[in-house]
Structure formats: structure tokens, C-alpha cells
Amino acid sequence: MTAKEQKQRLKEIKKFNAKKYKEYNKNQRRKRAPESEYVTKMADNDNIIEFDDLKTYFYTDIGTVKAVDGVSFEIKRGKTIGVVGESGCGKSVTSLSVMGLLQGPTGQVAGGSIRFNQVGKNRAVDLTKLPVKEYEKIRGNEISMIFQEPMTTLNPVFTIGDQLMECIALHNPNMKKKDIEARALETLEMVGIKRDGMLDLYPHELSGGMRQRVVIAMALSCNPQLIIADEPTTALDVTIQAQILDLLRELKDKINASIMLITHDLGVVAEMADYVVVMYAGRIVEQGTADDIFHHPAHPYTIGLMKSKPMLGEHVDRLYSIPGNVPNPINLPEHCYFKNRCEMCVDKCEGAYPELISLSETHKVSCYLRENEVKGEN
Amino acid sequence: MRQYIIKRVVVSFIVLFLVSILLYSIARSVPGDYVANVTGGNPNITPEMQQRMRELYGLDKGIFEGYVSWLKDALHGDLGTSFKYQKPVVEVIKSYMAPTFALAFISMVLEILLAIPLGIIAARKQYSMTDYTIVAIAIMGISLPSFFFASVLRRWLSIGLGILPISGMVTARANYQGFDLFIDYAKHFTLPIIVFVINGIGGLLRYVRTNMLEVLSADYVRTARAKGLPERKVIGKHAFRNTLIPIVTMVGGMIPSLFSGAVITEGIFSLEGLGRVALDSVYNGDIPYLMGFNMFIAVLTLIGTLISDILYAVVDPRVRY
């Protein structure tokens, strides 16, 4: 490409982005909208959340990054789903899309829908169409999020109590100050760090594990239906990791919530998740129950992931690693995104991106290799 | 905390001592002393008379001797007598302080009140037209020379529209009393304050904007949003308290400038303030005044940094002394 052409292309991108930004800003300014715009129906009332062909794009200066491109899955009530994949495969972006916390106007939900089942209100809403004011009522209340870095997720200049009670007071406007404090202490007790004067401590006076417990307490304080945990244990050391995971599992059952657990740690998933979604370059390559994924992995990428996991009692000189890197998210190829790193390619892989095919009722994979298996079974 | 302050005060005295040596040496090393300046060009003055005058003013001693005698007096609270005004230095400073302080204080308050909200708005709408406009005005304010900007304003508001006086502090021979006098002062100070604010706002505004941008991308701001807080509270409470930390240090550093005055602005508008007097004293070689004034600024600078350090601990719980 000559320099002139390149300049022309960048100009076009800028123009296109400006249009997208304008639309976005226009939508953001609407604080309220009529209910008919965002109330929908769940496909299955047993689900707490349904992702339907979700597309989240980032309109950057060098082109559109399709961080999440057509992702569909659902989370059942009271179940834990693990979302796995390498860095940059769109796990976190999926979760931020649910929370409506994408860095706008660059990052936007470009298509599809996220249907959320408001069990208490007996209705379902499409989060992608929700106006700001309605979103604020759901965030932290019905859907809450636990972030990756406990060291930086708490505001350094406010006390733990301030930050905990703020959340409770916000979603329970009728609660008295005394009750709010009692509730804050109760959540701290739930996460096992209730101590005298705890509410008056600043985040820097706590260790990483304790801070993560505070973050979890904050997330649980309003009894959410869905907890999104974005790599909740990555920044913690191994002993604390196990404690935090146990805690999450225990609390989930206590308040009967669903968990969307985002991680790249297969061990964590194996321990926690009922269902697993494997993502690669913004798409789902395989999904199924924990048993399907761990004992019958079907996609070459999942198989690679399993192989690169260290096993106890097994001696290897070198841990397996999948060759190559995640493809450039701008200008993704037409064919399967994993093709260049795949060791099991067939001729058909040169063709269009493979559709998701069902191997069993729960197990789905998008790979040409498995087409024959399905046909054989039929 | 108390121990920290005591330590800081002790260190401050050492710094003051060193600063005074430096200031005195520089002031005395300037070519052409006070005597040469006042008697220059007068044919009736003989070198002997000059010599006698130097002895009288204490300018015959060397830098070291002169400094020692200045320091002795200063330690007894006597900053000497200004050569030019023939009054104690402290009195001279006192009598010229009011206009400078008024000008700088009002401007500083206005700067803070304007720079912080504008900086926050610019950061919130980064890369938008609003952002570009605010930043452009800020940069224009920094880059416009005050004498040029002052001239433009005077051409427009004083000569063109005739609504504001062109210079000075009061209308001569008007003899206003009470409230009328206050209004008269206010009118005379409007233009200098505008020039001062526009010139000074840029730095603080850009500082606020950069800090806000940094804080807005912080994880705890995302956490605040994830709690469901409305944007107004996310910015006004969680983000603002954190941007305040660096701003406090900057505002503490602005305290000495309250008294040092804007030499140029005061000069343009012929305001009888400390800045102008200080400039005169440099021209004349009025050593006692120069020393007194500079030491006063040095003390204020040290107090300013101490205050900002203490405030730093107040706004940021992680800082403990």
C-alpha cells in the first residue's frame, strides 16, 4: 500500500469512527427511555442471562477491533459458568458489555442483545438497549462485578466502610443509617473479615487477599442475581486463591446467585464451573458442561489449552505451548481464526469460518474436524 | 505528625540562612550601587562625598562583612531602613502589600474556581469540541504576553467602550468615600485581574485536566460505576477526591505568588504594589528593601510548601508522617 493510499484509508476510518461516536453520544445523552424499548422476553425463563449474537467493537484510529464478534450463550439460575481463553480473546470485554462499562465512545456494543432476567420484577430487559438511569439500578444491585486487581479496585481515599455502605445505601434508599452499617458488617462477616474498627480502615491498610474479600463483600452486599468475577484470583497468591474460590462458591449458594467466572486458569474453572465457554479471538470455539470440556475436548484450541496445563504427578521437561499468537484483531481472516496455529488442519479449513455444531445436547464446537462425528452419529 | 512539622521547621531555618547568603551576595554583586545610581550625572558630587555616602549606607564594607552586619540586625528583627523610602523595610512592605495581595488573592480564587471545573469538563469530554476549545483557551492564556493582552483589553474596554479606567488604583481628585470608593477600586482592579487570571489559569487547568484523565481511567472509578453510582457522583466524589491530591500541592506552591505580585501586570496598570516596588529597588540597588522583600518571599515559599505537605496528608490517607 502506498503512503497516499494509507493516508486515504486512515481518513476513511476516522470519518467512519466519528459517525459511530456521534451515534453513541446521542444515545448516552438519553437518560430515560420508554419501557417498550428495552423490555424483552427470555428464551428460557430458567436462565438468568442470555447472550444472543453479542457484538462488541472498538472503533480505533487504525480500524475496527471486533473484540467480541457474535457470541451466544446463556447462564442458568444458580449455576456457575466459566469463560476461558487467552489474553485478548474477548472475555473481559464480554463482561464489561454486561455491566455497560465499556470505555465509550471507542468501545460500543455494535449488535446482538444481552437479555437479563429480573427475577424480582418478573420481567426481562435487554441490557444493550437499557437507558442510563435504568442501568444504574441494576449495576451493583442485581448484577455485580468482582474485578481482577484488588490492589487498585478500591478507592484509596475512602474507608472500607464508606465504600461498602455507599453501595448499600444507593440501592436501598429507605434503609436507615444504622441498618446500613449493620448490613455492611454482616457482609464483612460473610466474607470472613469482620473485626472491630474494620469499617474505618483504608484500603492501603489491608493485604491483597483482604482487599479482595472487601471487593467480594461489596459485590454481595445487595444480594445480586448474577456475579461477574473477572479473574478474581489472578492477582493473589495460591493459598489465598483457594480460599477466595471456596468463599465464592459458598456464598453463591447462600444467596442463590449465578456466577460468570472469567479466567485463563483451567484449574479454577475445573474447580468451580458447571458450564464452560471457550473463547478465541472474540468468538466461542467450544462450549459445554465442565465434563464435556475437560474429558472430551473437541476443538483443537481447547485440546491445546488442556495440554498446556501442568499436571500433578506427571513429569514433563517442557510444558506444551500452542505455537503462534492470537491473530491481529483488525482485519481478521475469512477462515477459521485458529487455522494458522492449528496442528490438525484439514482442507476444508481454508473455507469460511466454521459454524457452531452440536456434538451433544450441551456440547457445541465450531470446527470442521468434528463435522464427521456428528454425521456419523446421525 | 508533630515531629515531622518540627523537623521541617528546623530544616526551613537552615534553608532560609543559605538563601539569605545567596540573595545578599547576588544583590551586592549587581554592578552600580545605590550611591552611584542617585548621584550619577550630578556634577556637584565629588568622589569623597560618594565615599562618605557609602559609609553612611554601609556600602563600603565587603560582601561578607556587609552580610554579617545585615544578619545580626535581621536576627534582632531589624530588617534595616530602605535607602529609597528612608523608612523601615517592614513598614514599606506593609504599606504596599494591600493592592498586591488583593489582586493576587482575588485572581487566585477565581483561577481555582474556574480551572477546576473547566479542567474536569475537558477531561470528561476528552477529544470533543468542548475539550479542544477549553485547552486552546488555556494555551492561549499561557502564551499571550501579559503586556500585549493588557494592551488589547485596554484598547477595547477602556478606550473603545470606555467602561473601565485605563490604569491606576483610584480616580484622581474624585475623593470617593465609603461604598463609592470600593466600587472605584473594583473598577480599577477589573482589568488587572482579568489579565492575571487569563495568564495564570492555563497551567492549573491543564494540570487538573491531565490528573482527571488519569484518575478517570483508574480501576476504582470503574468500581464506582459498577456499584451503580450515577456519573455525577462517580466524578464528583470518587474521581474528584483523587484529583485533589496533586492539586493541593500545586495550590500550596501558589501562596508566595500572592505577595510577590505580578511585576509586569502591576507595571502596566501602574498599581502601587510590592511587585513594582521590588522592581524599582532592583534598578536602584536598594539593598535593605531588596533583602527584606526577598526574605519575606522565601519565608512564604517555605510556609507554602509546608502547608501543601500537611494538606497532602489530609487529603491522602496513605500519606503519614
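Residues numbered from 1 in each chain as written. Chains lettered and ligands numbered in written order. Predicted model: local features only at pLDDT ≥ 70, side-chain atom pairs only at ≥ 80, totals over all residues. Heavy atoms only, no water.

Participant: I'd love a proper account of the overall build of chain A, names of residues and values included.
Facilitator: Tallying secondary structure elements over chain A gives twelve helices and 13 strands in all. Taken along its principal axes, the extent of the C-alpha atoms in chain A is 70 × 55 × 45 Å. Residues counted as buried form 51% of the 378 residues belonging to chain A. Residue pairs at least 24 apart in sequence account for 67% of intrachain contacts in chain A once pairs closer than 6 positions are excluded. In chain A, 49 side chains carry a positive charge and 51 a negative one; their mean positions are 8 Å apart. (Helix = DSSP H or I, 4+ residues; strand = E, 2+ residues; numbered from the N terminus. Buried < 20%, exposed > 50% of the residue type's maximum accessible area, 1.4 Å probe, protein only. Contact = heavy atoms within 4.5 Å. Lys, Arg positive; Asp, Glu negative; His and termini not counted. Charge placed at Lys NZ, Arg CZ, Asp CG, Glu CD.)

Participant: Can you tell me about the overall build of chain B, naming the residues and giving the values?
Facilitator: The helix and strand tally for chain B stands at 14 helices and zero strands. Sequence-ordered secondary structure for chain B, helices as α and strands as β, is α-α-α-α-α-α-α-α-α-α-α-α-α-α. On the principal axes, the C-alpha backbone points of chain B span a range of 85 × 60 × 35 Å. Of all 321 residues assigned to chain B, the portion counted as buried reaches 42%. In chain B, the share of contacts with a sequence separation of at least 24, taken over all contacts with a separation of at least 6, comes to 73%. For chain B, the accessible surface area stands at approximately 17,000 Å², while carbon and sulfur atoms represent 67% of it. Charge centroids of chain B, computed over 29 positive and 21 negative side chains, lie 12 Å from each other. (Areas by Shrake-Rupley, 256 points an atom, 1.4 Å probe, with all protein chains shown as cover.)

Participant: Hey, could you go over the interface of chain A and chain B for me, with residue numbers and the actual values?
Facilitator: Across the contact, 24 residues belong to chain A and 20 residues belong to chain B. Taking both sides of the interface into account, the surface hidden between chain A and chain B amounts to around 2,100 Å²; carbon and sulfur atoms contribute 62%. Its largest share of buried area at the contact with chain B, chain A owes to Val157, Phe158 and Glu166 of chain A, together 26% of the area lost on that side. Counting every contact that joins chain A to chain B gives two salt bridges. Residue Glu166 of chain A is joined to Lys237 of chain B by a salt bridge in which the shortest nitrogen-to-oxygen separation is 3.1 Å. Our enumeration of links across chain A and chain B arrives at eleven residue pairs in polar contact (both at pLDDT 80 or more). Of all elements in the fold, only helix H2 (91-99), helix H3 (132-138), helix H4 (150-153) and helix H5 (160-171) of chain A reach the threshold of two or more residues within the side of chain A that touches chain B. (Buried area = accessible area lost by both parts, 1.4 Å probe. Salt bridge = Lys/Arg side-chain N within 4 Å of Asp/Glu carboxyl O. Polar contact = N/O pair within 3.5 Å; in protein donor to acceptor, adjacent residues only side chain to side chain.)

Participant: Lay out the domain arrangement of chain B in plain terms, naming residues and giving numbers.
Facilitator: All names here are of chain B. Along its sequence, chain B is carved into domain 1 (2-75) and domain 2 (98-315). Facing 18 residues of domain 1, the contacting portion of domain 2 comprises 16 residues. Interface area for domain 1 against domain 2, summed over the two sides, is near 1,400 Å², with a carbon-plus-sulfur share of 78%. The interface formed by domain 1 and domain 2 contains one salt bridge. (Domains from an automatic or database assignment.)

Participant: Requested: an account of the nonpolar core, with residues and values cited.
Facilitator: In this structure, Met212, Leu216, Val221, Phe269 and Tyr289 of chain B are the most contacted members of the largest nonpolar core, which totals 57 residues. Looking at which element gives the most residues to this core, the answer is helix H8 (residues 178-216) of chain B, with 14 residues. When sequence neighbours within four positions are dropped, the list of residues in contact with Phe269 of chain B reads Ala150, Arg154, Ile166, Ser167, Gly168, Leu191, Pro192 and Val195 of chain B. Counting 40 residues, the second-largest nonpolar core is a separate cluster that includes Ala67, Val68, Ile81 and Val125 of chain A. (Core = buried A, V, L, I, M, F, W, Y, C linked by side-chain atoms within 4.5 Å.)

Participant: I'd like to hear about the pairing of strand E2 (residues 47-60) of chain A, residue by residue, with values.
Facilitator: Regular strands place side chains that alternate from one sheet face to the opposite one. Residues and elements named next belong to chain A. Here E2 lies mainly inside the structure; ten of its 14 residues are buried. Direction of pairing for E2 relative to strand E3 (residues 63-76): antiparallel, over a ladder of eleven bridges. Within E3, the residue paired with Asn47 across the bridge is Lys76. Counting the residues between successive antiparallel strands, the hairpin from E2 to E3 contains two residues. Across eight bridges, the pairing between E2 and strand E5 (residues 107-118) is antiparallel. The residue bridging Tyr57 from the neighbouring strand is Gln108, located in E5. (Pairing = 2+ DSSP bridges.)

Participant: So what's going on with the packing of helix H5 (residues 89-124) of chain B against H8 of chain B? Residues and values would help.
Facilitator: Between H5 of chain B and H8 of chain B, the least distance of the axes is 6 Å, while the angle of their chain directions is 35 degrees. You can see that H5 of chain B and H8 of chain B cross each other, and the crossing is right-handed. (Axes fitted to C-alpha atoms, helices over the stretch in contact; angles between N-to-C directions. Left-handed = near helix turned anticlockwise from the far one by under 90°.)

Participant: Would you mind going over the pattern of salt bridges in detail, with residue names and values included?
Facilitator: Residue and element names in this part refer to chain A. Within this structure, the stated rule accounts for 25 salt bridges over all chains. Asp126 serves as the salt-bridge partner of Lys129, at 3.1 Å between the closest nitrogen and oxygen. You can call Asp126 buried: its relative accessible area is 3%.

Participant: So, unusual backbone geometry: which residues are in play, and what are the values?
Facilitator: Residue and element names in this part refer to chain A. You will see that Asn223, though not glycine, has its phi angle at about 50 degrees, which is positive. On the basis of relative accessibility, which here comes to 41%, the residue Asn223 falls in the partly exposed class. A positive phi angle, close to 45 degrees, is found at Glu231, a residue other than glycine. Along the chain, the position of Glu231 falls in the loop between strand E8 (226-230) and helix H8 (238-255). Given a relative accessible area of 6%, Glu231 falls into the buried group.

Participant: Just give me the short version of the side chain of Glu266 of chain B, but keep the residues and values in it.
Facilitator: Topologically, Glu266 of chain B is positioned in helix H12 (residues 263-268). One buried charged residue, Glu266 of chain B, forms no salt bridge at all, with the nearest opposite charge on Arg276 of chain B at 6.8 Å.

Participant: Can you explain a positive patch on the surface? Please cite residues and give values.
Facilitator: A cluster of basic residues, Arg29, Lys31 and Arg32 of chain A together with Arg124 and Lys125 of chain B, forms a positive patch on the protein surface. Note on placement: Lys125 of chain B falls in the loop between H5 and helix H6 (129-143). (Patch = residues over 30% accessible without salt bridge, like charges linked within 9 Å, V, L, I, M, F, W, Y side chains within 5 Å.)

Participant: So what's going on with H8 of chain A? Which residues, and what values?
Facilitator: Residues and elements named next belong to chain A. Across its 18 residues, H8 extends 26 Å between first and last C-alpha, which sits within 8% of the 26 Å expected from 1.5 Å per residue. Residues of H8 that are buried include every one of Gln241, Ile244, Leu245, Leu247, Leu248, Leu251, Lys252 and Ile255, and no others. Axial view of H8: buried residues confined to an arc of 160 degrees, hence all on one face. Opposite the packed face of H8, turned more than 90 degrees from it, sit the exposed residues Thr239, Asp253 and Lys254. Remark: Asn256 follows H8 within two positions and exhibits a positive phi of approximately 55 degrees. (Expected span 1.5 Å × (residues − 1). Arc of directions from axis to C-beta.)

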